[in-house]
Amino acid sequence: MPHLNLESFNSLSLPTQCDDVEFLFQANYKNPDEGALIATRYKGREFFIVYKNGVKKLLKSDKVTRPSPNFILKHALLAYAKCSNSPILDSNVDNAPENTHLKTHDALKTISYFAENFPRDREVRIEIGFGSARHLLHQASVNPDVLFIGLEIHKPSIEQALKQIVIQNLNNIMILDYDARLFLEFVPSNIVGKIYVHFPVPWDKKPHRRVISEPFLKESERALRIGGTLELRTDSENYYRFALETFSSPRQSRFDVRKNQEIAIVSKYEDRWKKMEKNIYDVTFTCDIESPEPDMESTFSFSKTPINSDAVDSLSRETYKRDWGFIHVERIYSVGEHGAMIRLAMGSFDRPESTYILIENATARYYPTLPVRTSANLKAHILLDELLHG
Ligand SMILES: C[S@@+](CC[C@H](N)C(=O)[O-])C[C@H]1O[C@@H](n2cnc3c(N)ncnc32)[C@H](O)[C@@H]1O
C-alpha cells in the first residue's frame, strides 16, 4: 500500500489546489491528534488520503475510497506532502508517470458498471465460478453474438481468464470479481439465455454459502427469458439432492435431471471426477414465465428534515442487525466547526460495503460515491435515514 513516512505533518488550509490535485476538506478523528482524512480530487476521481499519527506519522491511502490506477494516489500523496511542507523521512512511493502503470483490462468490470447500466443489447449468458475458464472461453468463441459474463471470487482464476481473453482475442466476455449469490439482482428481467453453475463448491458443512438457494432460483427465474435455462452440473450427490429439493418448490417453470451426460467441453474438475469414475449430475431449470422488471424506485437520498447532532453520536459503534443485513457505525469524524462524517459498514452479511456519509448544515449525503445499488444496501439506507432523523 503506497505511503509516506513523514517527519512532521502540517495541515493545509482547505480547499486548495497543488500540482493539479485539489484538496477539498479535512475530516478529523474524534481525537484530532490521532489523524485525519483529507478529501482529494485528481483526474476526475474523488477519494480520501489518510494521515495517521501513530508510532510513525504516515500519509497513506484510504481503503474504502482508494482510486485506481495507483499512480493517482501516489501523485496525490506526494502533492500533499510538498504543498504542506511536510518533510518525508522515507516512502515506498515512486513518481512513475501514468502510462507505466498496470493497464486496466477492458474485460474486467466492476459491480458499479452493471448496477449503473446493465448491457442489454444482446443475449446474455452468465457463468458462475468459472474456475479455469475453459468452459467460458469455449462458449464465448462458439457464440460470438452472445455476451458472456463470468463471475469468480478467486483472483488467480480471474487473472488467468483475462490473459486468455487477450490471447484468444475474444470481445464478448466480461469478467466480474463478485459473489454470485448477490449478482443476479442487478440483472434486468427476461434477458438471460443461460446461467451455468458447473461444479460449485458443495459447502457440505456451511450450506448457507451454497450458490444454489431459493432466493437465487427466484432471481434466476426473473432474469431468464422464456426458454432460458439454469444449468447445475455437479459431482456431489449431496449438492444434487439439495438442488432437487430447492428446484421442487412450487413454481410455474420446470426442471429436468440427467446423469453422466457428455458436454462439449470438459473442465479440469470434471476431468478429475471422470478419472475417478464418479457420477456427474445435471439439473436443468427451464424458465416458462415472463417476469416484471424489479422495483428500482428507491434511491439513496436522505430526508430533508434537519439531523440532530445527538442522533449522530447515539449511532456510535452500535450494530443494527435485521433479517436482510445490518448497519454498523465504524467511526465518527468532525468536519469543520459543525459538520460530521460517519464511516459505516452496511448491507448484506455476505458482502458488506463500507461507505462514508458527510453531514453538513444538518443534512446528510454519501461521499464521495453512492453505495452499490443492492436491495440490502437500499434497506440499510432506509434504516440509517430513520435513525438519523429519529
Ligand atoms: C469447484 S470450482 C469449479 C470451477 C469450474 N466451474 C469448473 O467446472 O472447473 C468452484 C469455483 O466457484 C468459485 N466460487 C465459489 N463461490 C462463489 C461465489 N459465491 N461467487 C462466485 N464464484 C464462486 C470458486 O472460486 C471456484 O473457482
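Residues numbered from 1 in each chain as written. Predicted model: local features only at pLDDT ≥ 70, side-chain atom pairs only at ≥ 80, totals over all residues. Heavy atoms only, no water.

1. Some words on the sheet that holds strand S13 (residues 224-234)
Applied cut-off: Two strands are said to pair when DSSP picks up at least two bridges between them. A run of H or I in DSSP becomes a helix once it reaches four residues, and a run of E becomes a strand once it reaches two; helices and strands are each numbered from the N terminus. Note on contacts: a residue pair qualifies if any of its non-hydrogen atoms lie within 4.5 Å across the two residues. Between N-to-C directions, angles span 0 to 180 degrees; the directions come from axes that are lines fitted to C-alpha atoms, helices contributing only their stretch in contact.
Taken together, the eight strands give an open sheet; going across it, the order is S8-S11-S10-S9-S12-S13-S15-S14, and neighbouring strands pair in mixed fashion. Every interior strand has two partners, whereas the edge strands, strand S8 (108-109) and strand S14 (254-259), have only one. With six bridges joining them, S14 and strand S15 (residues 281-286) adopt antiparallel strand pairing. Paired with Arg 254 across the bridge in S15 is Thr 286. On top of the sheet, helix H6 (residues 214-223) reaches strand S9 (124-128), strand S12 (192-198), S13 and S15; it is set at about 140 degrees to S13, its chief contact.

2. Notes on the domain arrangement of the protein chain
As a reminder, the rule being used: The start and end points of each domain follow an automatic or database-based domain assignment. Once two parts are brought into contact, the accessible area they lose, counted with a 1.4 Å probe and summed over both, makes up the buried area. Salt bridge criterion: a side-chain nitrogen from Lys or Arg within 4 Å of a carboxyl oxygen from Asp or Glu. Any pair of N or O atoms that falls within 3.5 Å is considered a polar contact. Within protein, one atom must be able to donate a hydrogen and the other to accept it, and sequence-neighbouring residues count only if both atoms are side-chain atoms. Each residue gets one of three labels, nonpolar for Ala, Val, Leu, Ile, Met, Phe, Trp, Tyr, Cys and Pro, charged for Asp, Glu, Lys and Arg, and polar for the others, Gly among them.
Segmentation of the protein chain into domains returns domain 1 (3-100), domain 2 (108-286) and domain 3 (309-388). Computed from C-alpha atoms alone, the centre-to-centre distance between domain 1 and domain 3 is 24 Å. In this complex, domain 1 contributes 15 residues to the contact, which on the side of domain 3 involves 15 residues. For the pair domain 1 and domain 3, the summed buried area comes to about 1,200 Å², and 62% of that belongs to carbon and sulfur atoms. The tally of links between domain 1 and domain 3 comes to two salt bridges. Linking Asp 313 and Lys 30 is a salt bridge whose minimum nitrogen-to-oxygen distance equals 3.8 Å. Where domain 1 packs against domain 3, one counts three residue pairs in polar contact (both at pLDDT 80 or more). With five residues, the single largest contributor to the side of domain 1 that touches domain 3 is strand S3 (residues 21-28). Taken together, the residues that form the side of domain 1 that touches domain 3 break down as eight nonpolar, three polar and four charged.

3. Thoughts on the pattern of salt bridges
Test applied: Exposure categories follow from relative accessible area, calculated using a 1.4 Å probe and restricted to protein chains: below 20% of the type maximum is buried, above 50% is exposed, and the middle band is partly exposed.
Under the criterion given, the structure shown has 27 salt bridges. Note that Arg 251 is salt-bridged to Glu 214, the shortest N-O span being 3.2 Å. Taken together, the residues Arg 251 in the loop between helix H7 (237-247) and S14 and Glu 214 in helix H6 connect sequence positions 37 residues apart. Given a relative accessible area of 22%, Arg 251 falls into the partly exposed group. Put simply, Arg 233, Glu 262, Glu 270, Lys 274 and Asp 282 are held in one network by salt bridges that share partners.

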